[in-house]
Every structure is written in structure tokens, then in C-alpha cells.
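The chain contents come next:
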Amino acid sequence: MPQHRTPYHRLFTTPGARAFTLGNLIARLPMGMFSVSAVIMIAGARGSYALAGAVTATGLAATAVVAPWTARLVDRYGQARIAVPATAIAVLGSLALLLCVRYGAPNWTLFAAYAATATTPNTGGMSRARWAHLLQGDPAALDTANSFEQAADELCFMLGPVLAAFLCGTFFPEAGTLVGGVLLMAGVLIFAAQRSTEPPAQPRTTSKSPALAPGMPALLLGFLATGAVFGSVEVATIAFADARGHRSAAGAVLALQAAGSCAAGLLYGALKPTGPSPGLSAPLEQGAPPSAPSWRRYPLCVAAMTALMTLPLLAATLTGSLLALAGTLLVAGMATAPTMITGMTLVQHRTPEGRLNEGMTLAVTGLLGGIACGSAIGGWVVEHVSTTAGYAVPVAAAATALAISTAGALRHAVRGGAETPEATDTTETTEVPEATETPEVPGATEVPETPGATLLVPRPRERSGTAPRTPTS
């Protein structure tokens, strides 16, 4: 076999991987553009940041409601059949918002138009689902794929707002929304065209909702708290930079945090922590319970994030320097990617078979909800206490995530990993009744009677929600 220089070289030798990754990256970039573009466009035309913030918050709330349903349809009918029309509806919503702002439509039309963008499919989740489908039985490669996907998320978060601000400032206020819509539609079309790598649809799945699967509520609450870290850091950094007369530099400072997370994610996937892979001591199987090391590693990653999030608070309190704050955010961001990678891997394991897109979309929805809550709480603290105190909010949110993840790890340890019926690999036996004597038939040759025997036939235990497994010859 050819030797690959890094795990990423090996990853992208998978047939079809480069093509669907290219399309997904094009489609994912606008995710960091739309909210910034909408704020600039609405605030510039209507002169109200409050209106702009309310419109984007409405879109976020609509996404939290609609996104899981869109993901469920993707799982049931396939990525190409659902993602393309869902994206078309979302792009039309963005264009409707642009026209309403441009031609002075009533304010309520802005809310309605932006709410229509909630049908945007979770392109990152669909990409992770493809990797999980292509790399079944190769846990090391799946670890690398999850690391790459998290780094891609951070890269798009870092470049999207910068590109949106550049387009809106250089050309016209609607340019960011317009270019974002074109990129989203083109990227999804390219991604959906790669049918050879698309996971098969699961039209008759009888599994329960991923939100109710054992272990998932704690994970989703952890993502909610982690999202609050991101939202509060963003608000606190903007306020801190503004208070020192450098508001325009806030974007660059936040980009450093994303850059640190991106670098850490790539390094995490290339080096791989020692010991069993998160939940992957055996080949990947959706719905299978993770191994104990997976639940131990996740709290450790969250603990590292909590510890590093104290650095911006110390820098803001002790130095008051924006430059020192930027350095600490770069370092603090390095714990974000490992936390997200490990958490998403656990979500993949806890999600019932046939509903992987829905499970990962629920995790992303939790993050978005946390970002909204963190932004609101961080904004209140910054306005009513101080800009420096704003950095206490992400520390508190990270500590909350640590408490949730630790409780989940302890629960897993107490139950010995047997949180679900699938975790117990028991064998049942079936007793065959003793043979009975057959009646005599006239003219027939007498056959010697054989004593009855009890035969123990192993019967593998069936998994809940799946068809019984038939033996193969």
C-alpha cells in the first residue's frame, strides 16, 4: 500500500471525497456571511441596529425549529432530493430580504423573509454523514475526518464575516447577501451531484428521536452551554474593543480565536490522542454505546476549554490591553476544536441508526441556541456591569458544560457502559423439545427410536429498532 505523509492525505484518497468536500466548503462559507450581511444591510438602510438584531434573532429561532425537520427529511429521502429544494427556498428568502430592504417594504416583511432562510440544510452535518458512511469500520480515519470538518467550520467562521464585510463595504450593502446566496446554491448543487458518496436513504426507520436516545440529552445540553461560550465571547470582545476605540479591530481579534481552533483541530486529527479512539474501540456503528474512554476524554476537553477561557478574563482585568486579549483568545481557541470533535463523535454514536443527519443537526441547533443565549447574557453584563466582566460569562458557561459532561461520564461509569440494551452482548438459548414417538404406519419399516435431546441453539439478541439479523452461510 502507498504510504501517505499525513492522515489527511490518506483521507482524501477515498474515492469521491475531494469532490463532495469542495462543494460542501463552497456551500458552508456563506453560513458565516448571512448574519453579518443582514445586519449591515438592514442597519444601513433603516438606521436601526435593534431592528437588524431582531430580524437575525428571528431567523435563528426559526432555524432552531425547522432545521431538525429538514434533517429528518434528508435522512428519510436522501441528501440530494431534500437539500437542493430546501436550499432553493432559503436562497429565495435571502433574495426576498434583499428586495424588501432595497425597496423600503414594511418592517414585518423583513422578519418573514429572513425566517424563510431557516430551511437551509446543515451542510456540515451532511458532510459528516458522508464520512461516516464511507469510513465504516475505520475509526482512525473517521477521527481524522471529524477533525477536518471541525477545522473547516472554524475556517468558514473566520473567513465568512470578513468576506461579507468586504463585499458590503466595497460594493453595495446588499452585495454580501447576494454573493452568499449564489455560493450557497452553487455549493449545494455541486455537493448533491456526488451521488456515489451519498449515504443511502432510510425511508422506514422505526428508531426513536435522537433527542430521546440514551446519553443524548446530556450531550445536547453540553452543546447549548458550549454555544453560550461562543456567543458571549463575541459580544464581550466587540464591547471591549469598542470601549478602547478599536471597534473595527474586533473582527480580527475574534478571527484569531477561530484560527487557534482551526489549527488545533487539524493537529488533533493528525496526531490523534493516545489510547482508544472516542467511542471507537470497535468499528463505528450508529446507536452503539461509546466506550468508557470516550466519556472520559470529552470532560477532559471541556475542562481544558474551561481553564483556557480564564485567560481572556485575566488579560482584560489585569492588563486592559487589546493586544494581550488577542493573544489569550488565540490560545483559548485551541481547546474549542478538540471539544467539538469529541462531542460530535459521541453524537454520532448516540444517534439511532438511520437518523444521523437529524442527530447532528440537533447538536448544531443546540449550539445556535447557546450562541443566542450567550450573546444576550453577555450583552446584559457588558452594559450593566463592565466590558471586562463580560469575559466572566464564557467562563461560567464553560464551567456549566464541564459539570454536564462530568455528570454524563460518571453516569456512564456507574452503569458500566450498559446504558442501552445494545451495550449488553448477551446470548439467549432456545430449547428444542424432545422428539415424540411417531404413530405406526401399516407396512412401513420400523425405524429405531432415538432418544430425545435438548439442543441449545445460540440466538443473537436483536437490536431495538432494527430488523433481525439473519445468519449467513
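Source: prediction; values computed, not measured.

A few words on the overall build of the protein. Assigned secondary structure in the protein consists of 17 helices and two strands. Split into buried and exposed, the 473 residues of the protein put 48% on the buried side. Taking the intrachain contacts of the protein between residues at least 6 apart in sequence as the baseline, contacts between residues at least 24 apart amount to 82%. Accessible area for the protein stands at about 22100 Å²; split by element, carbon and sulfur atoms hold 66% of it.

Grouped together as the largest cluster of nonpolar side chains are 79 residues, with contacts concentrated most on Leu11, Ile42, Leu97, Leu110 and Trp131. Sorting elements by how many residues they give to this core places helix α10 (residues 216-243) first, with eleven residues. Ignoring sequence-local partners within four residues, the contact set of Ile42 consists of Gly47, Leu51, Ala52, Val55, Leu97, Val101 and Leu110. Membership of the second largest hydrophobic core comes to five residues, among which are Met33, Ala164, Leu167 and Ala175.

Attention now goes to the side chain of Thr177. Along the chain, the position of Thr177 falls in helix α9 (residues 175-193). The exposure class assigned to Thr177 is buried, which follows from its relative accessible area of 4%. Excluding residues that lie within four positions of it along the chain, Thr177 makes contacts with Phe34, Ser37, Ala38, Met41, Ser94 and Leu98.

The subject of this paragraph is the packing of helix α15 (residues 336-350) against helix α16 (residues 356-384). Where α15 contacts α16, the axes come no closer than 9 Å and their chain directions differ by 140 degrees. As the angle between them shows, α15 and α16 are arranged oblique. You can see that α15 and α16 cross each other, and the crossing is right-handed. For the pair formed by α15 and α16, the contact residues are Met340, Met344, Val347 and Gln348 on the first element and Leu356, Gly359, Met360, Ala363, Val364 and Leu367 on the second.

As a further point, take α10. Here α10 spans 41 Å end to end across 28 residues, near enough to the 40 Å set by a 1.5 Å rise per residue. Immediately downstream of α10, the backbone of Gly245 shows phi near 75 degrees, a positive value.

Per the stated rule, a full pass over the model turns up seven salt bridges. Among the ionic pairs, Arg10 bridges to Asp138, the shortest N-O distance being 2.5 Å. Of this pair, Arg10 sits in helix α1 (residues 7-11) while Asp138 sits in the loop between α7 (123-134) and α8 (139-170), placing them 128 residues apart in sequence. Classification of Arg10 by relative accessible area gives partly exposed; the value is 40%. Classification of Asp138 as partly exposed rests on a relative accessible area of 21%. Linking Arg102 and Glu174 is a salt bridge whose minimum nitrogen-to-oxygen distance equals 3.5 Å. Separated by 72 residues along the polypeptide, Arg102 in helix α5 (residues 79-102) and Glu174 in the loop between α8 and α9 bring together distant segments of the chain. On the basis of relative accessible area, Glu174 is assigned to the buried category, the value being 7%. Overlapping salt bridges, with partners in common, bring together Arg28, Arg128, Glu149 and Asp153 in one network.

Where α7 contacts α8, the axes come no closer than 10 Å and their chain directions differ by 165 degrees. As the angle between them shows, α7 and α8 are arranged roughly antiparallel. Like other packed secondary-structure pairs, α7 and α8 cross with a definite hand, here right-handed. For the pair α7 and α8, contact is made by Gly124, Ser127, Arg128, Trp131 and Ala132 and by Leu142, Ala145, Asn146, Glu149, Gln150 and Asp153, respectively. Here the contact of α7 with α8 is built from residues that sort into four nonpolar, four polar and three charged.

This part is about the packing of aromatic side chains. This model, assessed by the stated rule, comprises six aromatic pairs. Between Phe12 and Phe148, the aromatic rings sit 5.1 Å apart at their centres with planes inclined by 80 degrees, giving edge-to-face as the arrangement. Highlighted residues: Phe12 in the loop between α1 and α2 (17-28) and Phe148 in helix α8, separated in sequence by 136 residues. Accessibility expressed as a relative area gives 15% for Phe148, which makes it buried.

Turning next to the environment of Phe166. Relative to the assigned elements, Phe166 resides in helix α8. Phe166 gets classed as partly exposed once you look at its relative accessible area, which sits at 47%. Through-space distance from the C-alpha of Phe166 to that of Gly176 is 8.1 Å; in sequence the pair is ten residues apart.

This part takes up a nonpolar patch on the surface. Residues Leu92, Leu95, Phe166, Phe171, Phe172 and Leu178 make up a contiguous nonpolar surface patch of roughly 580 Å² in combined accessible area. The exposed category is assigned to Leu92, whose relative accessible area is 56%.

In this section: helix α3 (residues 34-46). The terminal C-alpha atoms of α3 lie 18 Å apart, and with 13 residues this matches the ideal 18 Å at 1.5 Å per residue to within 8%. Turning to α3, the residues buried within the fold contact α4 (49-77), α5, α6 (107-115), α8 and α9. At the C-terminal side of α3, Gly47 shows a positive phi close to 65 degrees.

Attention shifts here to the environment of Leu99. Position of Leu99 among the secondary structure elements: in helix α5. Placed eleven residues apart in sequence, Leu99 and Leu110 show a C-alpha to C-alpha distance of 9.5 Å.

As for its position among the elements, Gly124 is in helix α7. Taking relative accessible area as the criterion, Gly124 reaches 4% and is therefore assigned buried. Contact partners of Gly124, with chain neighbours within four places excluded, come to Asn24, Arg28 and Glu149.

Calculation notes
- Residues numbered from 1 in each chain as written.
- Predicted model: local features only at pLDDT ≥ 70, side-chain atom pairs only at ≥ 80, totals over all residues.
- Heavy atoms only, no water.
- Helix = DSSP H or I, 4+ residues; strand = E, 2+ residues; numbered from the N terminus.
- Buried < 20%, exposed > 50% of the residue type's maximum accessible area, 1.4 Å probe, protein only.
- Contact = heavy atoms within 4.5 Å.
- Areas by Shrake-Rupley, 256 points an atom, 1.4 Å probe, with all protein chains shown as cover.
- Core = buried A, V, L, I, M, F, W, Y, C linked by side-chain atoms within 4.5 Å.
- Axes fitted to C-alpha atoms, helices over the stretch in contact; angles between N-to-C directions.
- Parallel < 35°, antiparallel > 145°, perpendicular 65-115°, else oblique.
- Left-handed = near helix turned anticlockwise from the far one by under 90°.
- Expected span 1.5 Å × (residues − 1).
- Salt bridge = Lys/Arg side-chain N within 4 Å of Asp/Glu carboxyl O.
- Nonpolar A, V, L, I, M, F, W, Y, C, P; charged D, E, K, R; others polar.
- Phe/Tyr/Trp six-rings, centres within 6.5 Å; stacked < 30°, edge-to-face > 60°.
- Patch = residues over 30% accessible without salt bridge, like charges linked within 9 Å, V, L, I, M, F, W, Y side chains within 5 Å.

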